[in-house]
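Here are the chains, one letter per residue:
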Amino acid sequence: MTEVPETTAAATVLSVVIPMYNEEEVLPALVSRLRPVLADLGVGYEVVAVDDGSTDRTAELLAAFRLGWPELRVIGLRRNSGHQAALTAGLDRAHGAYVVSIDADLQDPPEKIPEMLELARAESLDIVYGIRADRASDTGFKRWTAGLYYRLVRRLAGPSVPAQAGDFRLLSRAAVDALKALPDQQRVYRLLVPWLGFPSGEVRYERAPRPAGQSKYPLGRMIRLAVDSVTGFSAAPLRIATWLGAFAFLVCLVLMIYTLSAHAFQHTVPGWTSLFIGVLFIGAVQLVCVGLLGEYVGRIYTAVQNRPTYFIGHDTAAGAAAGTAADAARRPFPAGDPVVPSPAPPPGGSADPAAPLPQGLGRRS
């Protein structure tokens, strides 16, 4: 692939990070709307498109668009690593003094990016959230589950989590570096970003319907996101398990008193129903508690493994640590190469964002 000049890191005021997975249908519309918006800003910018192991023509279309758009930078992951991991890869390698993350589906309007940047500069904010003021384009079930999710996480993680804020946000360089220094393995940025406590503001917009393509967040992924959000940010489920155990003990105590009374009055046969129900109830509570413990043990296991959550296949930025596409073609990643974890940041501070990473590896997230 022919390389074109890149916007230098020193001149980059704004980076726009876009995780992508099988977005060939919506990609032309995204480019036609995003490019004029960024061009009108009058500042140096880069668009960091992270191809999350797409199996359609997404990578091919990105390469074609890049030939006439030098500010477009393409990072290809070696396999599908998930939306939050792809977002991590983009944030790790963005050069801008401000970084905007946005999905490729155009449900979050690129036209709001100038307003975000202006608000951050005018009020010296480190975070500007895109807030969905109207979700009329979503189905009733989607609106109901989204409302339930935000009520749950705000109750567990605190009111600092803005309601109806997804992954459309602007971050300052200080906020990005703080995120990169966190050791979390399974990241949920809509909870991690508010937890930082940086000065923040909001920009409201109406959520539009997806113009093309399929949603990449079916019900199964939504449930997984909710589980990661709860178990990754609160120990409340373990306390719930404790209370369930206490309640089960009280039920058992009542049943024991009832059983002794029935035996004293020689009414032992009628007690079979209550005993059977009690056994079922206690068994169900035990399974729920074991399941909750398993979720937390699984997170500990993942943290102990210390595996990078993504692997860079190529990065079209000139001199990028992961190498250009031409360099990757000359020096492919052998299947038997050992996996070396990325170096951890020094205690008390974030890792140097300019420090190179090993070929093909991302930072531990």
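Caption draft 1: Spatial organisation of the overall build of the chain. Along the backbone of the chain there are eleven helices and eight strands. Out of the 365 residues belonging to the chain, those deemed buried represent 45%. Sequence-distant contacts in the chain: of pairs separated by 6 or more residues, those separated by 24 or more amount to 80%. Accessible area of the chain: about 18000 Å², with a carbon and sulfur share of 64%.

Caption draft 2: Here's a closer look at the confidence of the model for the chain. Across the chain, pLDDT averages 75, with 62% of residues at or above 70. Long-range and interchain partners of residues 1-8, a stretch whose pLDDT sits below 50, account for 26 contacts in this model, where long-range means more than four residues apart. Predicted confidence is poor over residues 319-365, with pLDDT under 50, and the contacts of this stretch with residues over four places away or in other chains come to 78 contacts.

Caption draft 3: Here's a closer look at the packing of aromatic side chains. By the definition in use, this model includes one aromatic pair. Measuring from ring centre to ring centre gives 5.6 Å for phenylalanine 168 and tyrosine 205, while their planes differ by 75 degrees; the resulting arrangement is edge-to-face. Taken as a pair, phenylalanine 168 in strand E6 (residues 165-172) and tyrosine 205 in strand E7 (residues 200-206) lie far apart in primary sequence, 37 residues in all. Given the relative accessible area of 5%, tyrosine 205 is considered buried.

Caption draft 4: Highlighting the environment of tyrosine 129. Summarising the element assignment, tyrosine 129 is placed in strand E5 (residues 127-134). With 39 residues separating them along the chain, tyrosine 129 and phenylalanine 168 place their C-alpha atoms 6.7 Å apart. When near neighbours in sequence (up to four residues on either side) are disregarded, tyrosine 129 contacts Met116, Pro162, Ala165, Phe168, Arg169, Val193, Pro194, Ser200, Gly201, Glu202 and Val203.

Caption draft 5: Summary view of the packing of helix H1 (residues 27-39) against helix H2 (residues 58-67). Between H1 and H2, whose axes approach to 11 Å, the crossing angle comes to 30 degrees. Between H1 and H2, the interaxial angle falls into the category roughly parallel. Where H1 crosses over H2, the handedness of that crossing is right-handed. In this structure, H1 uses Leu27, Pro28 and Val31 to contact H2, whose residues at the interface are Thr58, Leu61, Leu62 and Phe65. Among the residues forming the contact of H1 with H2, the class breakdown is six nonpolar, one polar and no charged.

Caption draft 6: Up close: the environment of proline 209. Tracing the backbone through its elements, the reader meets proline 209 in the loop between E7 and helix H8 (219-233). Classification of proline 209 as exposed rests on a relative accessible area of 53%. Residues proline 209 and glutamine 107 lie 102 residues apart in sequence; the distance between their C-alpha atoms is 5.7 Å.

Caption draft 7: Inspection of H1 at higher detail. Over its 13 residues, H1 extends 18 Å from the first C-alpha to the last, a length consistent with the 18 Å expected when each residue adds 1.5 Å. Within H1 the residues assigned to the buried category are Leu27, Leu30, Val31, Leu34, Val37 and Leu38. Along the axis of H1, the buried positions cluster into a sector of 150 degrees, meaning they face one direction only. In the core, the buried residues of H1 are packed alongside strand E1 (14-20), strand E2 (45-51), H2 and helix H4 (113-123).

Caption draft 8: Looking closely at the side chain of aspartate 103. Relative to the assigned elements, aspartate 103 resides in the loop between strand E4 (98-101) and H4. Not counting chain neighbours up to four residues away, the residues in contact with aspartate 103 comprise Ile18, His83 and Asp108.

Caption draft 9: Representation of the environment of glycine 166. As for its placement among the helices and strands, glycine 166 is situated in strand E6. A relative accessible area of 3% means that glycine 166 is categorised as buried. Residues glycine 166 and isoleucine 131, spaced 35 residues apart in sequence, show a C-alpha to C-alpha distance of 7.6 Å.

Caption draft 10: Main features of helix H3 (residues 83-93). Taken across its eleven residues, H3 has eleven buried, putting it largely inside the fold. When H3 is considered as a whole, its buried residues turn out to be His83, Gln84, Ala85, Ala86, Leu87, Thr88, Ala89, Gly90, Leu91, Asp92 and Arg93.

Caption draft 11: View of the packing of helix H6 (residues 173-181) against helix H7 (residues 189-196). H7 packs onto H6 with a crossing angle of 115 degrees between their chain directions and a minimal axis gap of 11 Å. By the angle between their directions, the pair H6 and H7 is classed as roughly perpendicular. Relative to H7, H6 is oriented so that their crossing is right-handed. Residue-level inspection shows Ala175, Ala178 and Leu179 of H6 in contact with H7, the latter providing Tyr189, Leu192, Val193 and Leu196. Counted by class, the contact of H6 with H7 contains seven nonpolar, no polar and no charged residues.

Caption draft 12: Quick peek at the side chain of aspartate 167. Take aspartate 167: it is sitting in strand E6. The exposure class of aspartate 167 is buried, given its relative accessible area of 4%. A polar contact is formed between the side chain of aspartate 167 and the side chain of arginine 169, at a distance of 3.1 Å. Residue contacts for aspartate 167: discarding those within four places in its chain leaves His83, Gln84, Leu87, Ser101, Ile102, Tyr189 and Arg190.

Caption draft 13: Main features of the pattern of salt bridges. What the rule picks out here adds up to twelve salt bridges. A salt bridge links arginine 33 to glutamate 111; the nearest nitrogen and oxygen atoms lie 2.8 Å apart. Of the two residues, arginine 33 is situated in helix H1 and glutamate 111 in the loop between E4 and H4; the sequence distance between them amounts to 78 residues. Judged by its relative accessible area of 30%, arginine 33 is partly exposed. Overall, glutamate 111 belongs to the partly exposed group, its relative accessible area being 39%. For aspartate 167, the salt bridge identified is with arginine 169, shortest N-O distance 3.1 Å. The exposure classification of aspartate 167 matches that of arginine 169, with both residues buried. Each of Glu24, Arg57 and Glu60 takes part in one network of salt bridges that share partners.

Reading the values: the criteria
- Residues numbered from 1 in each chain as written.
- Predicted model: local features only at pLDDT ≥ 70, side-chain atom pairs only at ≥ 80, totals over all residues.
- Heavy atoms only, no water.
- Helix = DSSP H or I, 4+ residues; strand = E, 2+ residues; numbered from the N terminus.
- Buried < 20%, exposed > 50% of the residue type's maximum accessible area, 1.4 Å probe, protein only.
- Contact = heavy atoms within 4.5 Å.
- Areas by Shrake-Rupley, 256 points an atom, 1.4 Å probe, with all protein chains shown as cover.
- pLDDT = per-residue confidence, 0-100.
- Phe/Tyr/Trp six-rings, centres within 6.5 Å; stacked < 30°, edge-to-face > 60°.
- Axes fitted to C-alpha atoms, helices over the stretch in contact; angles between N-to-C directions.
- Parallel < 35°, antiparallel > 145°, perpendicular 65-115°, else oblique.
- Left-handed = near helix turned anticlockwise from the far one by under 90°.
- Nonpolar A, V, L, I, M, F, W, Y, C, P; charged D, E, K, R; others polar.
- Expected span 1.5 Å × (residues − 1).
- Arc of directions from axis to C-beta.
- Polar contact = N/O pair within 3.5 Å; in protein donor to acceptor, adjacent residues only side chain to side chain.
- Salt bridge = Lys/Arg side-chain N within 4 Å of Asp/Glu carboxyl O.

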